[in-house]
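Letter by letter, the chains look like this.
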Amino acid sequence: MNKGKDNKPHIGIYGRRNVGKSSFINALTGTDTAIISDIAGTTTDPVKKSIEIFGIGPAILVDTAGIDDTGELGKKRIRKTQETIAHIDLAIVLISNNIFDSFELTLIQKFDYYKVDYVIIHNKEDVEKLSNNTLNKIKQHTKAPIETCSVLESSNIAEVIELLKISTPQNAYQKTSLLGNIIGKNDIVMLITPVDSEAPEGRMILPQAMAIRDVLDNNAVNIVLKETEVEAFFSKNDIKPNLVITDSQAFNYVSEIIPRNIPLTGFSVLFAHIRGPFEDYVKGAEKISKLNDGDKILILESCVHQVSCEDIGRFKLPNWIRNFSGKKLEFDVAAGLSEIKNPITDYSLVIQCGGCMITKKQLISRLKPALDAEIAVTNYGIAIAYMNGILERAIEPFMINESVIHE
Ligand code: SF4
């Protein structure tokens, strides 16, 4: 399987006000661009900073506000700090002066909920060393690795970096090929891409660009064309692609042209397979046939982009689902990784985009509340394939070693 560098791991730094979080980041990065102040509670919105970790490569450090903040603004800061937990790959709990109490324990519970690995660092060793009492107290509550340092004296920083290196989950910085387990060297992959008002001027959208690159990384051959040229291609050529990947919106049209013995899937299905809870997505699509009048559907878009009248999440998908189900439905859209405003239990179905801009960890954490509440979850491409009656065909290329097609 093809491996390489993918998304940068996100490492969140958590702790009370003035345990030295921002100075700690500066010590790790060797710069002084994080916000530092002697006044407790200076950090407001989480601040991101790039870092290079030897053995891992580029990573993003996320500096957060104090978990013991007070007042109305403090509560907002704490909420923003807690929101970050769902989106990180590794957490650092920074403590000092032998204080490890309810604030830290609440954090740890959240890490456990989102299955986030974490380490505990006792900073300001120049002021007060980690005592055996505190060490034992920490060990009563967690098996997380513990390290000590003094940012002020720059002592033990190399050991802390080594701990981050061994504690960062490998899947946060190594990628699995999008296509590596379904195509081989010299295979021909046909990519059908729309060029409509949604397509950016002069370039491909990210899922298509990533698929093209992945085909090349697998030493296979790309044929890239618009859906309007597919029919002519097959009538003029004897070339039989080993796999066809289409924009999901052209599924219906394309599936009638591509001979049934040629595997066909969609870009969004491809990402559903590599990034999402694939089995849940496939099962969740059936909910579209069981919707009732008044049901609410939540559309999750993992990036913020300009909205046009051809926007798939806001216009096309809701219209297709209304037409398919014949029901009066309400749709909400949540873009980026911002908080979902209404309780997740308000929704009968959650439909996630391909998530090409985010990590698998971020996507799974985003869907976790819905999955925990047993709300049906699916993805754009799988929903579209389902409504076009070609879901089985669209997931076939991934079913070689899996058995999730409807029982
Ligand atoms: S993150 Fe989602 S909405 Fe944004 S480009 Fe990727 S698939 Fe589209």
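Residues numbered from 1 in each chain as written. Predicted model: local features only at pLDDT ≥ 70, side-chain atom pairs only at ≥ 80, totals over all residues. Heavy atoms only, no water.

1. Overview of the overall build of the chain
When helices and strands are counted, the chain shows 14 helices and 16 strands. Going through the 407 residues of the chain one by one, you find that 52% of them count as buried. Restricting to contacts in the chain with at least 6 residues of sequence separation, those with at least 24 account for 75%. (Helix = DSSP H or I, 4+ residues; strand = E, 2+ residues; numbered from the N terminus. Buried < 20%, exposed > 50% of the residue type's maximum accessible area, 1.4 Å probe, protein only. Contact = heavy atoms within 4.5 Å.)

2. Side note on the confidence of the model for the chain
For the chain, the average pLDDT comes to 87, and 89% of its residues sit at 70 or higher. Counted against residues more than four places away or in other chains, residues 1–6, with its pLDDT under 50, gives 18 contacts. Below pLDDT 50 for its whole length, residues 401–407 participates in 14 contacts with residues either more than four positions away or in separate chains. (pLDDT = per-residue confidence, 0-100.)

3. A short note on the site of the ligand
Taken together, eight residues sit near the ligand, with Cys 303, Cys 353, Gly 354, Cys 356 and Met 357 positioned nearest. Per-class residue counts for the shell around the ligand are four nonpolar, four polar and no charged. (Near = heavy atom within 4 Å. Nonpolar A, V, L, I, M, F, W, Y, C, P; charged D, E, K, R; others polar.)

4. A word on the sheet that holds strand 12 (residues 264–266)
If you trace the four strands from one edge of the open sheet to the other, you get 10-9-11-12, paired in parallel fashion. The open sheet is flanked by strand 10 (221–225) and strand 12, the only strands paired with a single partner. Adjacent strand axes in the sheet meet at a mean angle of 25° when their direction is disregarded. One ladder, built from five bridges, connects strand 9 (residues 188–192) with strand 10; its direction is parallel. Across the sheet, Met 190 pairs through a bridge with Ile 223, a residue of strand 10. Those strands touched by helix 6 (residues 206–217) are strand 9 and strand 10, and its axis lies near 155° from that of strand 10. (Pairing = 2+ DSSP bridges. Axes fitted to C-alpha atoms, helices over the stretch in contact; angles between N-to-C directions.)

5. Quick look at the side chain of Asp 68
Considering the arrangement of structural elements, one finds Asp 68 in the loop between strand 4 (57–63) and helix 2 (71–85). A distance of 2.8 Å separates a polar atom in the side chain of Asp 68 from the backbone nitrogen of Arg 17. If we ignore the near neighbours within four places in the chain, the residues touching Asp 68 are Arg 16, Arg 17 and Phe 103. (Polar contact = N/O pair within 3.5 Å; in protein donor to acceptor, adjacent residues only side chain to side chain.)

6. Points about the packing of aromatic side chains
Geometry of an aromatic ring pair is reported as the spacing of the ring centres plus the angle between the planes. Taken as a whole and assessed by the stated rule, the structure comprises six aromatic pairs. A centroid spacing of 5.2 Å and a plane angle of 35° characterise the contact between Phe 111 and Tyr 118, whose relative ring orientation is tilted. Using a relative accessible area of 0% as the deciding quantity, one classes Phe 111 as buried. Judged by centre distance (4.8 Å) and plane angle (85°), the ring pair of Tyr 113 and Tyr 114 falls under edge-to-face. For Tyr 113, a relative accessible area of 36% corresponds to the partly exposed category. Taken together, Tyr 14, Phe 111 and Tyr 118 form an aromatic cluster joined through their ring pairs. (Phe/Tyr/Trp six-rings, centres within 6.5 Å; stacked < 30°, edge-to-face > 60°.)

7. Details of the pairing of strand 6 (residues 117–123)
A large share of strand 6 lies buried, amounting to six of its seven residues. For strand 5 (residues 90–96) and strand 6, the ladder comprises seven bridges, and the chain directions are parallel. Note on strand 6: the bridge partner recorded for Ile 95 is His 122. The parallel pair strand 5 and strand 6, bridged by helix 3 (residues 102–113), forms a crossover whose chirality is right-handed. By the bridge criterion, three bridges tie strand 6 to strand 7 (residues 146–148) in an arrangement that is parallel. Its bridge partner being in strand 7, His 122 is matched across the sheet by Thr 148. Where the polypeptide runs from strand 6 across helix 4 (residues 132–141) and back to strand 7, its parallel neighbour, the crossover connection is right-handed. (Right-handed = clockwise from strand over helix to strand, strands pointing away.)

8. Section: the pattern of salt bridges
Following the criterion strictly, the structure yields 13 salt bridges and no others. Measuring nitrogen to oxygen at the nearest pair gives 3.3 Å for the salt bridge that ties Arg 17 to Asp 68. Of the two residues, Arg 17 is situated in the loop between strand 2 (10–15) and helix 1 (21–29) and Asp 68 in the loop between strand 4 and helix 2; the sequence distance between them amounts to 51 residues. Here Lys 165 makes a salt bridge to Glu 162, at a shortest N to O gap of 3.8 Å. A residue pair is termed a helical-turn pair when its members lie 3 or 4 positions apart in one helix, as Lys 165 and Glu 162 do in helix 5 (residues 157–167) at three residues. Overall, Glu 162 belongs to the partly exposed group, its relative accessible area being 40%. Residues joined in a network through salt bridges with shared partners are Arg 17, Asp 68, Asp 69 and Arg 77. (Salt bridge = Lys/Arg side-chain N within 4 Å of Asp/Glu carboxyl O.)

9. Regarding the sheet that holds strand 15 (residues 349–352)
Paired through their backbone hydrogen bonds, the strands of a sheet run either parallel or antiparallel. Sheet architecture is open: four strands sit in the order 14-13-15-16, paired in parallel fashion. Two strands bound the open sheet, and with one partner strand each, they are strand 14 (330–335) and strand 16 (376–379). Averaged over neighbouring strand pairs, the angle between their axes works out to 20° when direction is ignored. Inspection of the sheet shows strand 13 (residues 296–301) paired to strand 15 by four bridges, in the parallel sense. When the bridges of strand 15 are listed, Ile 297 appears paired with Leu 349. The sheet strands contacting helix 12 (residues 360–372) are strand 13, strand 14, strand 15 and strand 16, and the helix crosses strand 15 at an angle near 170°. Relative to strand 16, helix 13 (residues 380–387) is tilted by about 90°, and along the sheet it contacts strand 13, strand 15 and strand 16.

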